[in-house]
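Each chain, written out:
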Amino acid sequence: MTENPNPPIDLRSDTVTRPTQAMRQAMAAAEVGDDVYGEDPTIRKLEWRAAEIFGKESAIFVPSGVMGNTIAIKLHTQHGEEIVCEAHAHVLDWELSMSAWFSGVFARPVEAPDGVLRWQNIRPAVRTASPHNARTSLICVENTHNMAGGIVTPLAVAEEIYGEAQARGLKVHLDGARVFHAATFLRQPVAAIARYADTVMFCLSKGLGAPVGSLLVGSAEDITRAHAYRKRLGGGMRQAGVLAAAGLIALEQMSLRLQEDHSDAQAFADAITEIPGIRITHEVQTNIVIFDVTQTAFSSSTISSRLRAMGVLLNGIDEQRMRAVTHFDVSREQCLAAAAALRRAVSATDSQPAPQLGFTQL
Ligand SMILES: Cc1ncc(COP(=O)(O)O)c(C=O)c1O
């Protein structure tokens with residue numbers, strides 16, 4: 001198979017998105033100041049707008065989603081307590097055990113087969129303090145659920161969890177790395193989703209296209225405390241208004257175009273469903289398509305390296321499943337070209353073992 005000279009079609013993740021021209025211009029022109037002193041006007045504006053859009057009192061800009069989740073778990077728990085989350089949640093599987101390392105809490109996983117964590121799943125895992133049990137203090141929900149295929153939690157489900165949690169004095173943190181995708185699917189403003197959580201972390205640097213950054217939104221009291229934890233984690237940034245300038249465009253404009261990514265994902269899914277041996281493992285609701293390859297003759301890493309040789313970047317989650325994530329840097333035509341390449345990759349008889357490549361980056 002010959003190497004392809006064109007820039008690769010990159011469906012590995014929406015984290016690979018690059019800043020738009022408008023973002024680059026806004027970054028160059030950004031008003032800045034020292035944010036540790038609270039003097040960066042562009043960061044102030046971004047945080048204020050985020051709080052307003054999410055219907056929360058306040059917000060804090062952080063360099064990454066992992067830092068946002070880490071701070072939220074610290075805000076809502078005491079050392080030695082328990083949190084409940086879905087068994088394949090990002091906070092459990094992909095954040096280097098930060099909840100244990102930074103907050104000293106135990107994460108109790110709960111399986112939700114379709115990726116939608118419901119109160120009836122959570123309830124049996126909630127513990128009250130006793131001579132044998134540590135107290136559960138936080139429920140972490142993820143919407144959309146990355147490893148379940150970008151599945152959206154319905155509003156009624158989120159409302160029930162929040163109501164039951166409040167009745168028991170538990171807090172709810174929403175890992176909303178892709179919450180604008182959920183809002184687009186539900187045809188609701190993000191504030192309608194954020195209403196059912198005490199804090200929400202959302203990423204600017206994924207489908208929204210900003211080069212760096214996430215925000216944590218919540219009550220004024222929580223966000224005031226969050227500043228110290230951000231500083232401790234090394235997230236106290238100086239003239240980061242250059243990043244916030246791109247973040248404002250991501251928040252105000254890029255959040256409005258996500259239906260395009262969802263339609264591209266559906267088109268990709270429709271095309272690969274026709275390929276013998278490929279089985280999509282979930283209903284395609286947003287910009288993520290996870291598919292099983294066990295009925296093909298090849299492992300995901302072999303298929304991944306064959307695709308790479310054809311100019312398509314798409315990783316396995318494990319040896320059985322692969323994930324494609326659409327975003328504005330990949331066009332509909334490129335999504336369909338990637339599907340055609342996948343058909344070639346799984347039908348090639350070439351038994352040449354392919355070089356081993358890494359699994360999914362999130
Ligand atoms: C659901 C979810 N939460 C949190 C994160 C972490 O975001 P970041 O990579 O900005 O730390 C990711 C990353 O992909 C994610 O998919």
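If you're wondering where the values come from, they're calculated on a predicted model, not measured in any experiment.

**Side note on the overall build of the protein chain**
And step 1. Each helix and strand counted, the protein chain has 14 helices and 13 strands in total.
And step 2. Here the C-alpha radius of gyration of the protein chain, 21 Å, is about what a compact globule of 362 residues would show, namely 21 Å.
And step 3. A principal-axis box enclosing the C-alpha atoms of the protein chain has dimensions of 60 × 55 × 35 Å.
And step 4. With 362 residues in all, the protein chain has 58% of them scored as buried.

**Side note on the packing of helix 13 (residues 300-309) against helix 14 (residues 332-347)**
And step 1. For the pair helix 13 and helix 14, interaxial distance at closest approach is 9 Å and the crossing angle is 125 degrees. On the basis of the axis angle, helix 13 is oblique to helix 14. The crossing of helix 13 and helix 14 is right-handed. Seen from helix 13, the contacting residues are I303, R306 and L307; seen from helix 14, they are A338, A341, L342, A345 and V346.

**Observations concerning the side chain of H181**
And step 1. Within the secondary structure layout, H181 lies in helix 8 (residues 179-186).
And step 2. Here H262 takes part through its side chain, which lies 2.8 Å from a polar atom of the side chain of H181.

**Focus on the sheet that holds strand 12 (residues 315-316)**
And step 1. As summarised here, the arrangement of the four strands in space is 9-10-13-12, forming an open sheet in which the pairing is antiparallel. Each having just a single partner strand, strand 9 (279-280) and strand 12 make up the two edges of the open sheet.
And step 2. The strands touched by helix 12 (residues 258-273) are strand 9, strand 10 (288-292) and strand 13 (321-325); relative to strand 10, the strand with the most contacts, the crossing angle is about 15 degrees.

**A word on the sheet that holds strand 5 (residues 136-142)**
And step 1. Spatially, 2-8-7-6-5-3-4 is the arrangement adopted by the seven strands of the open sheet, whose pairing is mixed. The open sheet has two edge strands, strand 2 (58-62) and strand 4 (106-110), and neither has a second partner. With strand direction ignored, the average angle separating the axes of adjacent strands in the sheet is 20 degrees.
And step 2. Sheet topology note: the strand 6 (residues 171-175)/strand 7 (residues 199-203) ladder contains three bridges and is parallel. Pairing of H173 across the sheet is with T199, part of strand 7.

**With respect to the domain arrangement of the protein chain**
And step 1. For the protein chain, the assigned domains read domain 1 (19-255) and domain 2 (258-346).
And step 2. A separation of 28 Å is found between the C-alpha centroids of domain 1 and domain 2.
And step 3. Between domain 1 and domain 2, the residue contacts involve 19 residues of the former and 15 residues of the latter.
And step 4. Across the domain 1 to domain 2 interface the summed buried area is about 1,500 Å²; carbon plus sulfur atoms make up 63%.
And step 5. If you sort the residues of domain 1 by the area they bury against domain 2, M147, H181 and F185 come out on top, with a joint share of 32%.
And step 6. Counting across the domain 1 and domain 2 interface gives zero salt bridges.
And step 7. There are five residue pairs in polar contact (both at pLDDT 80 or more) connecting domain 1 and domain 2.

**Quick notes on helix 7 (residues 155-167)**
And step 1. With 13 residues, helix 7 should cover 18 Å at 1.5 Å per step; its first-to-last C-alpha distance of 18 Å lies within 8% of that length.
And step 2. The secondary structure elements touched by the buried residues of helix 7 are helix 6 (119-122), strand 5 and strand 6.
And step 3. Once helix 7 finishes, G169 follows within two positions and takes phi at roughly 70 degrees, a positive value.

**Brief notes about the confidence of the model for the protein chain**
And step 1. Summary statistics for the protein chain give a mean pLDDT of 95 and a share of 94% for residues scoring 70 or more.
And step 2. In the model, residues 352-362 has pLDDT below 50 throughout and makes 37 contacts with residues more than four positions away in sequence or in other chains.

Conventions we followed
- Residues numbered from 1 in each chain as written.
- Predicted model: local features only at pLDDT ≥ 70, side-chain atom pairs only at ≥ 80, totals over all residues.
- Heavy atoms only, no water.
- Helix = DSSP H or I, 4+ residues; strand = E, 2+ residues; numbered from the N terminus.
- Rg over C-alpha atoms; globule rule 2.2 N^0.38 Å.
- Buried < 20%, exposed > 50% of the residue type's maximum accessible area, 1.4 Å probe, protein only.
- Axes fitted to C-alpha atoms, helices over the stretch in contact; angles between N-to-C directions.
- Parallel < 35°, antiparallel > 145°, perpendicular 65-115°, else oblique.
- Left-handed = near helix turned anticlockwise from the far one by under 90°.
- Contact = heavy atoms within 4.5 Å.
- Polar contact = N/O pair within 3.5 Å; in protein donor to acceptor, adjacent residues only side chain to side chain.
- Pairing = 2+ DSSP bridges.
- Domains from an automatic or database assignment.
- Buried area = accessible area lost by both parts, 1.4 Å probe.
- Salt bridge = Lys/Arg side-chain N within 4 Å of Asp/Glu carboxyl O.
- Expected span 1.5 Å × (residues − 1).
- pLDDT = per-residue confidence, 0-100.

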